[in-house]
Amino acid sequence: MRVGIATDHGGFALKEELLARLRAASHEVRDFGAHRLIPDDDFPDFVTPLAQAVVEGKVDRGLAVCGSGVGAAVCANKIKGARACLITDHFSARQGVEDDHMNILCLGGRVVGPALAWDLVQAFLAAEYGQAERYLRRLNKIAALEAQG
């Protein structure tokens, strides 16, 4: 799978850990940065291009990491077509893809350890977009909201 990953200083160490594991698992990874630890960098500079790449189909799924994961989710969701969520449990990592077509997993580098983060990433990447009528109906309603604003 083509996976994009982005972080700021708050998630830098976790991003580096996940990057190595993704490559070892034979994923095609595009690193949107940060490429080095800069204590006063800003997550929108890295998360925005990641979210745009997901929406444009340049990568299949995205991983966005900041200190808490909250800012990365808020930022990514400003890009029309991005469906980013802060996830901290295995069920939601899978269910968010299957039911809600989540395409960007957000993690907090200061609140999630590397073992749990890797479990969440694996569940997220293994899940497939559900095609049940009720899921598609809900997604169409969300798309209509995006079109309004």
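Residues numbered from 1 in each chain as written. Predicted model: local features only at pLDDT ≥ 70, side-chain atom pairs only at ≥ 80, totals over all residues. Heavy atoms only, no water.

1. Points about the state of the cysteines
With the rule as written, the count across this model stands at zero disulfides. Between Cys66, a cysteine without a disulfide, and Cys106, which holds the nearest cysteine sulfur, the sulfur-to-sulfur distance is 7.5 Å. Here Cys66 falls in the buried class, since its relative accessible area comes to 4%. Counting only cysteine sulfurs, Cys85 is the nearest neighbor of Cys106, a cysteine outside any disulfide, at a range of 7.3 Å. (Disulfide = S-S within 2.5 Å. Buried < 20%, exposed > 50% of the residue type's maximum accessible area, 1.4 Å probe, protein only.)

2. Observations regarding the sheet that holds strand S5 (residues 104–108)
Taken together, the five strands give an open sheet; going across it, the order is S2-S1-S3-S5-S4, and neighbouring strands pair in parallel fashion. Edge positions in the sheet fall to strand S2 (28–31) and strand S4 (84–86), since each has one partner strand and no second. Going across the sheet, the axis of each strand differs from the next one's by a mean of 20°, ignoring polarity. As paired elements, strand S3 (residues 61–66) and S5 share five bridges and run parallel to each other. Looking at the pairing, Ala64 lines up with Cys106 of S5. Each of strand S1 (2–7), S3 and S5 is contacted by helix H5 (residues 114–126), which is oriented at about 175° to S5, the strand it contacts most. (Pairing = 2+ DSSP bridges. Helix = DSSP H or I, 4+ residues; strand = E, 2+ residues; numbered from the N terminus. Axes fitted to C-alpha atoms, helices over the stretch in contact; angles between N-to-C directions. Contact = heavy atoms within 4.5 Å.)

3. Details of the environment of Gly108
Within the secondary structure, Gly108 is located in strand S5. Judged by relative accessible area, which is 1%, Gly108 ranks as buried. Remark: the alpha-carbon pair of Gly108 and Asp40, spanning 68 residues in sequence, is separated by 17 Å.

4. Focus: the side chain of Asp99
Note that Asp99 resides in helix H4 (residues 90–100). Arg138 provides the closest opposite charge to the buried, salt-bridge-free Asp99, at an N-O distance of 5.7 Å. Only 2.8 Å separates the side chain of Asp99 from the side chain of Gln95, close enough to count as a polar contact. (Lys, Arg positive; Asp, Glu negative; His and termini not counted. Salt bridge = Lys/Arg side-chain N within 4 Å of Asp/Glu carboxyl O. Polar contact = N/O pair within 3.5 Å; in protein donor to acceptor, adjacent residues only side chain to side chain.)

5. Some words on a nonpolar patch on the surface
There is a patch of nonpolar side chains on the surface, built from Val70, Val74 and Leu86 and spanning about 230 Å² of accessible area. If you trace the backbone, Val74 turns up in helix H3 (residues 70–76). On the basis of relative accessibility, which here comes to 49%, the residue Val74 falls in the partly exposed class. (Patch = residues over 30% accessible without salt bridge, like charges linked within 9 Å, V, L, I, M, F, W, Y side chains within 5 Å. Areas by Shrake-Rupley, 256 points an atom, 1.4 Å probe, with all protein chains shown as cover.)

6. Quick word on the pattern of salt bridges
Under the counting rule described, the total for this entry stands at seven salt bridges. Of the charged contacts in the structure, one is a salt bridge between Lys15 and Asp31, with a shortest N-O distance of 2.9 Å. Of this pair, Lys15 sits in helix H1 (residues 12–24) while Asp31 sits in strand S2, and the two are 16 residues apart along the sequence. Notably, a salt bridge pairs Arg21 with Glu17, separated by 2.9 Å at the nearest N-O pair.

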